[in-house]
Amino acid sequence: MTSTFFLVLRRAVLSLPILLGVLLFTFMLVRVGNNDPVGMLAGPTASAKEIDAIRAAYKLDQPVLVQFVEYVKLVFKGDLGMSWLSGKPVLGELLMRLPATLELVLLGSLVGGLVGVWAGMQSALNANRRFDHWSRFLSLLGFGMPTIFLGLALIFVFFFLLQWAPPPMGRIDLMINSPKLVTGSYLIDSLIAGDRAAALSAAGRLVLPCLVVAIVFAAPLIKQTRAIALDVMASDYVRYARAAGLPKPMVRRMIWRNASVPVLTYGATELTALFGAASVLELIFSWGGVSQFGLTAILKGDFAVVQGYVLLMSVIAIVIFAITDLLILKLEPRAAAGAR
Amino acid sequence: MNSPSAPALPDVPSGMGQLWRRISAIARSTPTGSIGLVIIALFALLALFAPWLAPFDPVKPFPTSVLARPGTQFLVGTDGNGMDVFSRTIYGARYAFGIAVPVLLFGLVVGVPIGLYAGYRGGWVDEITLRVMDAIRVFPSIILALAIVSATGQSLANVVLVIGMLDVPVFARLVRAEVLAMRAGGFVEAAVNAGNPTWRILFVHLLPNCIRGAMAQMPIRMAWAVRVSATLAFIGVGIQAPTPEWGAMIRQGADYMISGEWWVSIVPGVALVTLIIGFSMFGDGLEELLDPRRQKGSR
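Residues numbered from 1 in each chain as written. Chains lettered and ligands numbered in written order. Predicted model: local features only at pLDDT ≥ 70, side-chain atom pairs only at ≥ 80, totals over all residues.

Novice: Can you lay out the overall build of chain B for me, pointing to particular residues and giving the numbers?
Specialist: Tallying secondary structure elements over chain B gives 12 helices and 0 strands in all. The order of helices and strands in chain B, counted from the N terminus, is α-α-α-α-α-α-α-α-α-α-α-α. In terms of principal-axis extent, the alpha carbons of chain B reach across some 75 × 50 × 35 Å. Relative to its full complement of 299 residues, chain B shows a buried share of 46%. (Helix = DSSP H or I, 4+ residues; strand = E, 2+ residues; numbered from the N terminus. Buried ≥ 20, exposed ≤ 12 C-beta atoms within 10 Å, placed from the backbone.)

See the structure below:
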């Protein structure tokens, strides 16, 4: 598949300026205002020796341009500096916590995506009927619920009132040993290890936060999918297909195929935003993923971690958009012709 | 100056005497939008008349009635400091509007001229502007806002500035798209040939014709601003605890959620959700009115 290869290559080249922009942003982050980058990166507990080490590593006695080049070099070597809170390298700290966030966001968005797209399509096909009214109402309600409030409200209802859900404290019961580390997802790892109790506990802990992610993802998706599908349905080719007497399932397939590309594009943008929303969600459920780690770093002023976290988030966004492009290529061969 | 397609307002006789008929016709054509507007208006009244409506001082603690249940001396109970939750929720409307309105203005005042200029100039100016705007939009907005606020110093003004900055690409993109569609129109060429300076072409000729999409998005952006600012306050950035802001109040009650004192979080939370839904409903209605394609009848 040469066309796929070229598209991936093109995507990678196009991503470079964005990555450079992100690097410039994180570089500026510790230098804006009257901030002293050494103090920001070293933290309040640093000794004189550590401060000197940072100054040397980032060439902070050199002109700003040299500093930036050094910074980019270090980042591409995988050296994101040290967290002054934990005293460990930032990259390792981030990657260690990434699976917990991925598990939460990907599982939640999978559920939310399927429900949202299905409800949006049904809404459009049954426009202004009862199903449409209900799904639009629920979409509006879901959109109005900020993550913070949705999470707390679900904890109140399902943990306190109904006592169905486990306490919102971490990814697995404290009394259960966490499974042997393979993927970093407790659910998958315990299934691999064949540990029934751990798998059940991990799955139970996942339900509520995943539900929040699913709702936050599905609500705007319903509205967008409905609008996109209605646009497609108003097009001449759908009208012609109907006039020509094509069976309903075929027309529906046609509508879905044509709506899928814009729906996918919108979903990808929303998915990147979910990683940000995950930070407060993880805070509420004591999840301990990378987004909560980044949030804590922001609040505590651990700027080496903040830089690394912002970088990681943008890399995730770039990867998501790249995968989306490839999927669009599969769905819409015309896009491939346009890309070259 | 020609307007490409007149706004799809209901066809009713205009004039001073007919004003209320016109309003009711619009209300009937978009009931969703009208309900939204009523909700917004109610909250605006709460914000304006908070000192007269609130039964207690929002930051006055009653040490003898900490975490009082709803329906006692206090309508919806008190929080962990013994402050009246009802009064605090009313005062919270002031913070919601006090942040959302300046945020919107900042986004418009900075974003609209950028969109106008980029669309009008085209070429590399347009290309670079678009790339920068896209780069901002790629980030999770909460993370971006948090990182900047914590690096530049935590103050309410900074929170407004940063959230407003995130609005800039939204408005710039909307206006730019309309300018591109409008640039080929004869009236722009006519204005250029008549010797108008660029600023006059942008703000007198193009602006009134290219602001419709941005206007339709304004309520949605307000909803977003209220949500993001509440989230920031929940985390404790910019606004701290005893301030009667909804997000900060939800945070105060977060720990009581698993011990049963639900009202501390739920009451301000319901206010927050209602206002956000009000803004989104009004936005949906406005979109229906301003975008002829999205009208119910045409489908």
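That covers the picture; the talk isn't over yet.
Novice: Outline the overall build of chain A, supporting the account with residue identities and numerical values.
Specialist: Scanning chain A for helices and strands turns up 14 helices and 0 strands. Scanning chain A from its N terminus toward the C terminus, one meets helices and strands in the order α-α-α-α-α-α-α-α-α-α-α-α-α-α. For chain A, the spread of C-alpha atoms along the three principal axes comes to 80 × 55 × 40 Å. Put simply, chain A has 340 residues, and 41% of those count as buried. Taking contacts inside chain A between residues at least 6 apart in sequence as the whole, the part at least 24 apart equals 69%. (Contact = placed C-beta atoms within 7 Å.)

Novice: Residues and numbers for the interface of chain A and chain B, please.
Specialist: Contacts between chain A and chain B engage 42 residues on the former and 35 residues on the latter. Secondary-structure elements contributing two or more residues to the side of chain A that touches chain B are helix H1 (2–29), helix H6 (130–144), helix H7 (147–161), helix H11 (248–284), helix H12 (290–300) and helix H13 (303–331) of chain A. Here the side of chain A that touches chain B takes 8 residues from H7 of chain A, the largest share from any one element.

Novice: How would you summarise the confidence of the model for chain B if you had to cite specific residues and measurements?
Specialist: Residue and element names in this part refer to chain B. When the pLDDT values of chain B are averaged, the result is 82; 91% of them are 70 or greater. Confidence over residues 1–6 falls short of pLDDT 50; this stretch has 6 contacts with residues more than four positions distant or in other chains. Of the regions scoring below 50 in pLDDT, residues 294–299 engages in 9 contacts with residues more than four places distant in sequence or in other chains. Scored as a whole, the predicted complex attains pTM 0.85, and scored at its interfaces, ipTM 0.83. (pLDDT = per-residue confidence, 0-100.)

Novice: Explain helix H9 (residues 198–210) of chain B to me, and be specific about the residues and the numbers.
Specialist: Residue and element names in this part refer to chain B. Compared with an ideal rise of 1.5 Å per residue, which puts 13 residues at 18 Å, H9 spans 16 Å between its outermost C-alpha atoms and falls more than 12% short. Among the residues of H9, those classed as buried are Leu202, His205, Leu206 and Cys210. Taken together, the buried residues of H9 touch helix H4 (85–121), helix H7 (156–183) and helix H8 (186–193). (Expected span 1.5 Å × (residues − 1).)

Novice: Describe the packing of helix H5 (residues 90–125) of chain A against H12 of chain A, naming the residues involved and giving the relevant values.
Specialist: All names here are of chain A. Relative orientation of the contacting elements H5 and H12 amounts to 130 degrees, with a least axis distance of 7 Å. Considered as vectors, H5 and H12 are oriented oblique to each other. Packed against H5, whose contacting residues are Glu93, Leu94, Arg97, Leu98 and Thr101, the element H12 presents Val290, Ser291 and Phe293 at the interface. Class assignment of the residues belonging to the contact of H5 with H12 gives a composition of 4 nonpolar, 2 polar and 2 charged. (Axes fitted to C-alpha atoms, helices over the stretch in contact; angles between N-to-C directions. Parallel < 35°, antiparallel > 145°, perpendicular 65-115°, else oblique. Nonpolar A, V, L, I, M, F, W, Y, C, P; charged D, E, K, R; others polar.)

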